[in-house]
Amino acid sequence: AQSVTQPDIHITVSEGASLELRCNYSYGATPYLFWYVQSPGQGLQLLLKYFSGDTLVQGIKGFEAEFKRSQSSFNLRKPSVHWSDAAEYFCAVGIITQGGSEKLVFGKGTKLTVNP
Amino acid sequence: GAVVSQHPSRVICKSGTSVKIECRSLDFQATTMFWYRQFPKQSLMLMATSNEGSKATYEQGVEKDKFLINHASLTLSTLTVTSAHPEDSSFYICSASRGVTDTQYFGPGTRLTVL
C-alpha cells in the first residue's frame, strides 16, 4: 500500500539556521511528490511539487526539495530559516487510483519551531 | 490564481443537527474536488473525491449517508454532515484540481464543533 513517512514529529531550529525535513514514500509507480505547509488553523499551501524531470525542485519561500528514487525520499530543505517558517509541514505522494482519479496520501507531518 | 474558499470557517452546532460546508474554486474550474478530515495534531485523511456531475467516491470507512457530498458545478462542492454528533467535531478541509495529476489547491478549512 502507498504510504508516506515523515520520521520527525517535531523539529526545533534557530532562526538563520539551515533546515532539512525528511520524507520517505512507498509507491510502486513513478510518484508525484508534494510538500505543503500549514499554519495553525489554516488550510494547506503548496510549497513545491515534483512530477518529472530535474530531481532538485525549487519552491516558494526559498524552499527546495530533492527527489532521490534510490532512497525513496523527497527531503525538504531551506538554507536559512525565518521565524515565519514556523508551521506544520506535510509531505504527500500523489497516486492514480484504479478508477483513474488522483488522490494524495499524506505523511503525519513535521511541526517546525523556530527559536529567535 | 488557484484560490479555493470554504464557508463557514467555523461552525458550532447541537448534536443531531445537520451542517453544510461549502467549497468554492474562485478563479478556476475544478473538475475534481476532495474532502479531507484532520484530527488535532494529525495528518489529513481523505474522505471522498467528487467529480462534477457525478457521485462522490468515498474512502473506506467513511459513511456516505452521514457525509453527503454534492459537486453540482465546476466551482462548487458541498459537504453536509447529517445528524452530527460530538465525534464528528473536526477540521474539514477541501481541495480542488483541474483534473487528474493536476495540483490540488486547498481551502482554508472549516472547524466543526458539535456540542
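Refer to the structure printed above.
Presented here is a report on the structure given in the accompanying data block.

Thresholds applied
- Residues numbered from 1 in each chain as written.
- Chains lettered and ligands numbered in written order.
- Predicted model: local features only at pLDDT ≥ 70, side-chain atom pairs only at ≥ 80, totals over all residues.
- Heavy atoms only, no water.
- Contact = heavy atoms within 4.5 Å.
- Buried area = accessible area lost by both parts, 1.4 Å probe.
- Salt bridge = Lys/Arg side-chain N within 4 Å of Asp/Glu carboxyl O.
- Polar contact = N/O pair within 3.5 Å; in protein donor to acceptor, adjacent residues only side chain to side chain.
- Helix = DSSP H or I, 4+ residues; strand = E, 2+ residues; numbered from the N terminus.
- Buried < 20%, exposed > 50% of the residue type's maximum accessible area, 1.4 Å probe, protein only.
- Pairing = 2+ DSSP bridges.
- Axes fitted to C-alpha atoms, helices over the stretch in contact; angles between N-to-C directions.
- Disulfide = S-S within 2.5 Å.
- Phe/Tyr/Trp six-rings, centres within 6.5 Å; stacked < 30°, edge-to-face > 60°.

1. Structural notes on the interface of chain B and chain A
- Listed as interface residues are 18 residues of chain B and, on the opposing side, 21 residues of chain A.
- Overall, the association of chain B and chain A removes approximately 1600 Å² of surface from exposure, summing both partners, and the carbon and sulfur fraction of that is 55%.
- Linking chain B with chain A are one salt bridge, by the criterion used here.
- Its salt-bridge partner being Lys 103 of chain A, residue Glu 59 of chain B comes within 2.6 Å of it at the nearest N-O pair.
- Our enumeration of links across chain B and chain A arrives at six residue pairs in polar contact (both at pLDDT 80 or more).
- Within the residue set of the side of chain B that touches chain A, elements represented by two or more residues are β4 (32-38), β5 (44-51) and β9 (90-97) of chain B.

2. Here's the deal with the pairing of strand β12 (residues 110-115) of chain A
Residues and elements named next belong to chain A.
- In β12, alternate side chains face the same way, and those of Thr 110, Leu 112 and Val 114 are buried while those of Lys 111, Thr 113 and Asn 115 on the opposite face are not.
- Sheet topology note: the strand β2 (residues 10-14)/β12 ladder contains five bridges and is parallel. Each bridged residue has a counterpart across the sheet, and for Thr 12 the counterpart in β12 is Thr 113.
- Where strand β10 (residues 87-96) meets β12, three bridges bridge the pair, whose relative direction is antiparallel. When the sheet's bridge partners are listed, Ala 87 is paired in β12 with Leu 112.

3. Section: the sheet that holds strand β8 (residues 76-81) of chain B
All names here are of chain B.
- Taken in spatial order, the four strands line up as β1-β3-β8-β7 in an open sheet, and their pairing is antiparallel. Pairing within the sheet leaves two strands with one partner each, and these edge strands are β1 (4-7) and β7 (67-73). On average, each strand axis in the sheet is inclined to that of its neighbour by 15 degrees, with strand direction left out of account.
- As paired strands, β7 and β8 are joined by five bridges and run antiparallel to one another. In the strand pairing of β8, Leu 68 is matched with Thr 80.

4. Some thoughts on the state of the cysteines
- Taken as a whole and judged by the stated rule, the model has two disulfides over all chains.
- The disulfide partner of Cys 23 of chain A is Cys 91 of chain A, and the gap between their sulfur atoms is 1.9 Å. The chirality of the disulfide connecting Cys 23 of chain A with Cys 91 of chain A is left-handed, given an S-S dihedral of about -65 degrees. Of the two residues, Cys 23 of chain A sits in the loop between β3 (19-21) and β4 (24-26) while Cys 91 of chain A sits in strand β10, which places them 68 residues apart along the sequence. Each member of the pair, Cys 23 of chain A as well as Cys 91 of chain A, is classed as buried.
- Residue pairing for Cys 23 of chain B: its cysteine sulfur links by disulfide to Cys 94 of chain B, the two sulfurs lying 2.0 Å apart. On the S-S bond that ties Cys 23 of chain B to Cys 94 of chain B, the torsion sits near 80 degrees, and the link is right-handed. Of the two residues, Cys 23 of chain B is situated in strand β3 (residues 19-25) and Cys 94 of chain B in strand β9; the sequence distance between them amounts to 71 residues.
- The cysteine Cys 13 of chain B is free of any disulfide, with Cys 94 of chain B supplying the nearest cysteine sulfur at 18 Å.

5. Let's talk about the packing of aromatic side chains
- Across all of its chains, the model carries 15 aromatic pairs over all chains by this definition.
- Pairing Tyr 36 of chain A with Phe 106 of chain A gives two aromatic rings, centres 6.0 Å apart and planes at 50 degrees, and the pair type is tilted. Within this pair, whereas Tyr 36 of chain A is found in strand β5 (residues 32-38), its partner Phe 106 of chain A is found in strand β11 (residues 102-106), the two being separated by 70 residues in sequence.
- Taking 5.7 Å as the distance between ring centres and 85 degrees as the angle between the ring planes, the aromatic pair formed by Phe 106 of chain A and Tyr 36 of chain B counts as edge-to-face. Taken together, the residues span two chains, with Phe 106 of chain A in strand β11 and Tyr 36 of chain B in strand β4.
- Tyr 36 of chain B sits in the buried class, given a relative accessible area of 0%.
- Grouped by ring-pair contacts, the aromatic residues Tyr 32, Phe 34, Tyr 36, Phe 51, Phe 90 and Phe 106 of chain A together with Tyr 36 and Phe 106 of chain B constitute a single cluster.

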